[in-house]
Amino acid sequence: GVVLPTVNGQSVTWRLIIQPYPINSGEGGGLGYTFQATQGNGTWYLDMLHLNRSSLVFGGEYPSGTPVATTVIDHVHMTMGKNLSSAPVAGSPSDCDPNWLPSDFMCQ
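Residues numbered from 1 in each chain as written. Predicted model: local features only at pLDDT ≥ 70, side-chain atom pairs only at ≥ 80, totals over all residues. Heavy atoms only, no water.

(A) Representation of unusual backbone geometry. Residue Asn8 is not a glycine yet carries a positive backbone phi of 50°. The class of Asn8 is exposed, set by a relative accessible area of 58%. Backbone geometry at His50 places phi at a positive 75°, although glycine is not the residue there. By the secondary structure assignment, His50 is in strand β4 (residues 42-51). (Buried < 20%, exposed > 50% of the residue type's maximum accessible area, 1.4 Å probe, protein only. Helix = DSSP H or I, 4+ residues; strand = E, 2+ residues; numbered from the N terminus.)

(B) Region of the structure containing the side chain of Ser54. Tracing the chain through its elements places Ser54 in the loop between β4 and β5 (61-63). A distance of 3.0 Å separates the side chain of Ser54 from the backbone nitrogen of Leu56, its partner in a polar contact. Apart from the residues lying within four places of it in its own chain, the contact partners of Ser54 are Tyr33, Val68 and Ala69. (Polar contact = N/O pair within 3.5 Å; in protein donor to acceptor, adjacent residues only side chain to side chain. Contact = heavy atoms within 4.5 Å.)

(C) Structural view of the sheet that holds β4. Strand order in the open sheet made by the 5 strands is β5-β2-β3-β4-β7, with antiparallel pairing throughout. Taken across any chain shown, the strands that pair with only one partner, and hence form the sheet edges, are β5 and β7 (77-82). Pairwise comparison of adjacent strand axes, ignoring direction, gives a mean angle of 30° for this sheet. One ladder, built from 6 bridges, connects β4 with β7; its direction is antiparallel. Bridge pairing in β7 places Asp47 opposite Thr79. (Pairing = 2+ DSSP bridges. Axes fitted to C-alpha atoms, helices over the stretch in contact; angles between N-to-C directions.)

(D) Here's a closer look at the side chain of Ser64. Structurally, Ser64 is set in the loop between β5 and β6 (67-69). A polar side-chain atom of Ser64 sits 2.7 Å from the main-chain carbonyl oxygen of Pro5. Among all residues touching Ser64, those that are not within four sequence positions of it are Leu4, Pro5, Thr6, Gln10, Ser11, Val12 and Trp14.

(E) Quick peek at the nonpolar core. Trp14, Phe35 and Val68 are the most contacted members of the largest nonpolar core, which has 19 residues in total. Of all the secondary structure elements, the ones that give two or more residues to this core are β2 (13-22), β3 (31-39), β4 and β6. Ile17, Ile18, Ile23 and Trp100 belong to the second largest nonpolar core, which has 8 residues in total. (Core = buried A, V, L, I, M, F, W, Y, C linked by side-chain atoms within 4.5 Å.)

As structure tokens, then:
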């Protein structure tokens, strides 16, 4: 399964900030989960894709190391961002905020 990460080697508390959202089956399927945490002077965001239904609840707070869910395919896609200009909304212009760290998908 997939677990919530540390930030800069520090355990943090992640809050599930968006209701799990469906990923198109042509893009790997499953659900997407978006979390927010604070570490030092940074507000961190974590987006994980291709997961099964989780027992974690919207608005719940969970420490690093908490299991999120199993994957529907053989891997999970994840992206982290720091100090985004606004809280992310899946499929909106917030997907292209320049403070998302480079990952396997780059906005045009």
